[in-house]
Amino acid sequence: ATIPMNFLNGPADYVVGGEWSKKAAKEAGADLVVLCDTNGGSLPEFVAEVTQAAIQTLGVPVGIHTHNDSGLGVANALAAVRAGACQVQGTINGYGERVGNCDLVTVMPNLQLKMGMELGLNLSGLRELSAFVDELANVPHNIRAPYVGQAAFTHKGGLHVHAVQKLARTYEHIDPALVGNERVISISDMSGQSNVLARAEALGLGLSKGSPEVQAVLAEVKRLESLGYEFEAAEASFELLVRQFLGKRHSFFKLHEYHCSYRHSDHVEANKCEATVRISIDGKQEYTVEEGDGPVNALDAALRKALRAFYPEIDRVQLADYKVRIINGQAGTAARTRVLISSTDGHETWGTVGVSDNIIEASWDALVTAIKLELMWASEKFAEDNAWAV
């Protein structure tokens, strides 16, 4: 049985205390009465009052169904539970009409971890569940989702990072692992030495506190960010930067030139971009030509064609996302462009960044960094797997 608590928006005794609701619930043999905040307009104190009155009056267990129109879907559900509700209705990630339903991904850890209710749930798979449902719905994952978002346990400011390393609960309300998430130390112009050290440690790259390399990396990050680079979503570009200062950056190929062209003709139904790439590998020069739907796609195809015979593992790398941001829009068509590329090998995903006054050059830099890192990781893994033969 359902009762729309906000249909009347009156006092609790009027909404659920009338003979009509009590009689209907009892005579119909309802096992559970669910109070529905159908238009999402109720406040937590009203929900608690109605829930408590319903429990006292109806004589059957009470559940709660909330919507998020006022941004209170989860808060209203928790208020109902505190007042005695034994069931919460909602959806994974809060999907639903208008602005959505109560988000069960947020409700579950709040009930179990914050309110001490043993739900019998293993919450360590919560982030994976949330991402899986987003994938099925073909919706980008909300990086700022409570508990499970990528930014939920991300630390940027140098003082914040230092504090988290000393005492995690200063800036983390729970252990991220409890919900299958992880701590992320981002790199930006707000970073301090603690950020660089923590991020390098997470990447398995040895840096020592106070070392010249740390100071050099930090100075270079600040310089590049002043030019428009952004490393928060480009952790792979940061890794390559650290490797450069540690002398661990390998050169897999040398670029001599690349060229892109696009020809539009009213005689051709499907217009294409064409790209040429000239590189050398171990002294052997390669010149390739490929077509693509756009300049980046064409360049990507031409570079892969040149590399494939030497590095067949290149086929594991796929472009997952491509984002363009204009940095100084007041410059009009001469504005500087930031390109963020997300790449994947089917198991891991990594981000790279390129910045230039030319969108093709910015794209090329981000693309090449992504490919070089995959080749670097593959070569290091090969060396580890074959160390016994040395």
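Anything mentioned here points back to the structure above.
Fair warning: this is a prediction, and the values are worked out from it, not measured in the lab.

Engineer: Honestly, the overall build of the protein chain in this entry has me stumped. Any pointers?
Structural biologist: Along its length, the protein chain carries 13 helices and 12 strands. Counting over 390 residues, the protein chain shows a buried share of 44%. Counting contacts in the protein chain only where the partners sit at least 6 residues apart, residues at least 24 apart contribute 58% of the total. Carbon and sulfur atoms provide 51% of the accessible area of the protein chain, an area that totals close to 20600 Å².

Engineer: What should I look at first to understand the packing of helix α5 (residues 73–82) against helix α6 (residues 104–114) in this one?
Structural biologist: How two helices sit against one another is set out by the angle between their axes and by the gap between those axes. Packing of α5 against α6 brings their axes to within 10 Å, and their N-to-C directions diverge by 35°. By crossing handedness, the relation of α5 to α6 is classed as right-handed. Only Thr 106, Val 107, Asn 110 and Leu 111 of α6 make contact with α5, whose side of the interface consists of Val 74, Leu 78 and Val 81.

Engineer: How should a nonpolar patch on the surface be read in this particular structure?
Structural biologist: A cluster of nonpolar residues, Met 117, Leu 119 and Leu 121, forms a patch on the protein surface that exposes about 210 Å² of accessible area. Looking at the element boundaries, Met 117 is found in the loop between α6 and α7 (126–137).

Engineer: Is there a simple way to think about the side chain of Asn 101 in this case?
Structural biologist: Relative to the helices and strands, Asn 101 is located in the loop between β4 (87–89) and α6. A relative accessible area of 12% places Asn 101 in the buried class. Beyond its immediate sequence surroundings of up to four residues, Asn 101 is in contact with His 65, Thr 66, His 67, Asn 68, Thr 91, Gly 94, Tyr 95 and Gly 96.

Engineer: Just checking my understanding: could you explain the nonpolar core for this structure?
Structural biologist: For soluble globular proteins, nonpolar side chains are generally found buried alongside one another. Counting 31 residues, the largest nonpolar core has Phe 253, Val 277, Ile 279, Leu 303, Leu 307 and Ile 371 as its most contacted members. Elements that contribute at least two residues to this core include exactly α11 (235–246), β8 (273–281), α12 (295–307), β11 (337–344) and α13 (359–385). Every residue in contact with Phe 253, bar those within four places of it in the chain, is listed here: Ile 279, Ser 280, Ile 281, Leu 303, Leu 307, Val 368 and Lys 372. Of all hydrophobic cores here, the second largest spans 21 residues; its members include Val 33, Phe 46, Val 107 and Leu 111.

Engineer: Help me understand the environment of Leu 197 in this model?
Structural biologist: For Leu 197, the position within the fold is in helix α9 (residues 193–202). Residue class for Leu 197 comes out buried when judged on its relative accessible area of 17%. Separated by 12 residues in sequence, Leu 197 and Lys 209 place their C-alpha atoms 7.0 Å apart.

Engineer: Honestly, the sheet that holds strand β7 (residues 254–262) in this entry has me stumped. Any pointers?
Structural biologist: Working definition: the strands of a sheet are paired by backbone hydrogen bonds and lie parallel or antiparallel to each other. One open sheet holds the 3 strands; their spatial order is β7-β8-β9, and the pairing between them is antiparallel. The open sheet is flanked by β7 and β9 (284–292), the only strands paired with a single partner. Across this sheet, the average inter-strand angle for adjacent strands is 10°, counted without regard to direction. Direction of pairing for β7 relative to β8: antiparallel, over a ladder of 8 bridges. By the bridge assignment for β8, Leu 255 is matched with Ile 279. Taken strand by strand, α12 contacts β7, β8 and β9, and its axis lies near 35° from that of β8.

Engineer: Which parts of the structure should I look at to understand the packing of aromatic side chains?
Structural biologist: In this description, an aromatic ring pair is defined by two values, namely the gap between the centres and the angle between the planes. All told, the structure shown has 3 aromatic pairs when counted by the stated rule. Ring plane angle 25° and centroid distance 4.4 Å describe the contact between Tyr 258 and Trp 364, whose orientation is recorded as stacked. One end of the pair, Tyr 258, is in strand β7; the other, Trp 364, is in helix α13, with 106 residues separating them in the sequence. Judged by relative accessible area, which is 25%, Tyr 258 ranks as partly exposed.

Engineer: Before we go on, may I ask you to explain the pairing of β8 in this structure?
Structural biologist: Sheet faces and side chains relate simply in a regular strand, where the side chains alternate between the two faces. For β8, the buried fraction is high: 7 of the 9 residues fall into the buried class. Bridge count between β8 and β9: 9 bridges; the pairing is antiparallel. Its bridge partner being in β9, Thr 276 is matched across the sheet by Val 289.

Engineer: I would appreciate a short explanation of helix α4 (residues 44–58) in the present structure.
Structural biologist: Along an α-helix, residues three or four apart share an orientation, since each turn contains 3.6 residues. For α4, built from 15 residues, the straight-helix expectation of 21 Å at 1.5 Å per residue is met to within 8% by its first-to-last C-alpha distance of 21 Å. Among the residues of α4, Phe 46, Val 47, Val 50, Thr 51, Ala 53, Ala 54 and Leu 58 are the ones counted as buried.

Engineer: Please clarify how the sheet that holds strand β12 (residues 349–356) should be interpreted in this entry.
Structural biologist: Across the sheet, which stays open at both edges, the 3 strands sit in the order β10-β11-β12 with antiparallel pairing between neighbours. Both edges of this open sheet fall to β10 (318–326) and β12, since each of them pairs with a single strand only. Neighbour-to-neighbour, the strand axes of this sheet turn through a mean angle of 20°, independent of strand direction. Sheet topology note: the β11/β12 ladder contains 8 bridges and is antiparallel. Residue Ser 343 lies in a different strand from β12, and its bridge partner there is Trp 350.

Reading guide: rules and limits
Residues numbered from 1 in each chain as written. Predicted model: local features only at pLDDT ≥ 70, side-chain atom pairs only at ≥ 80, totals over all residues. Heavy atoms only, no water. Helix = DSSP H or I, 4+ residues; strand = E, 2+ residues; numbered from the N terminus. Buried < 20%, exposed > 50% of the residue type's maximum accessible area, 1.4 Å probe, protein only. Contact = heavy atoms within 4.5 Å. Areas by Shrake-Rupley, 256 points an atom, 1.4 Å probe, with all protein chains shown as cover. Axes fitted to C-alpha atoms, helices over the stretch in contact; angles between N-to-C directions. Left-handed = near helix turned anticlockwise from the far one by under 90°. Patch = residues over 30% accessible without salt bridge, like charges linked within 9 Å, V, L, I, M, F, W, Y side chains within 5 Å. Salt bridge = Lys/Arg side-chain N within 4 Å of Asp/Glu carboxyl O. Core = buried A, V, L, I, M, F, W, Y, C linked by side-chain atoms within 4.5 Å. Pairing = 2+ DSSP bridges. Phe/Tyr/Trp six-rings, centres within 6.5 Å; stacked < 30°, edge-to-face > 60°. Expected span 1.5 Å × (residues − 1).

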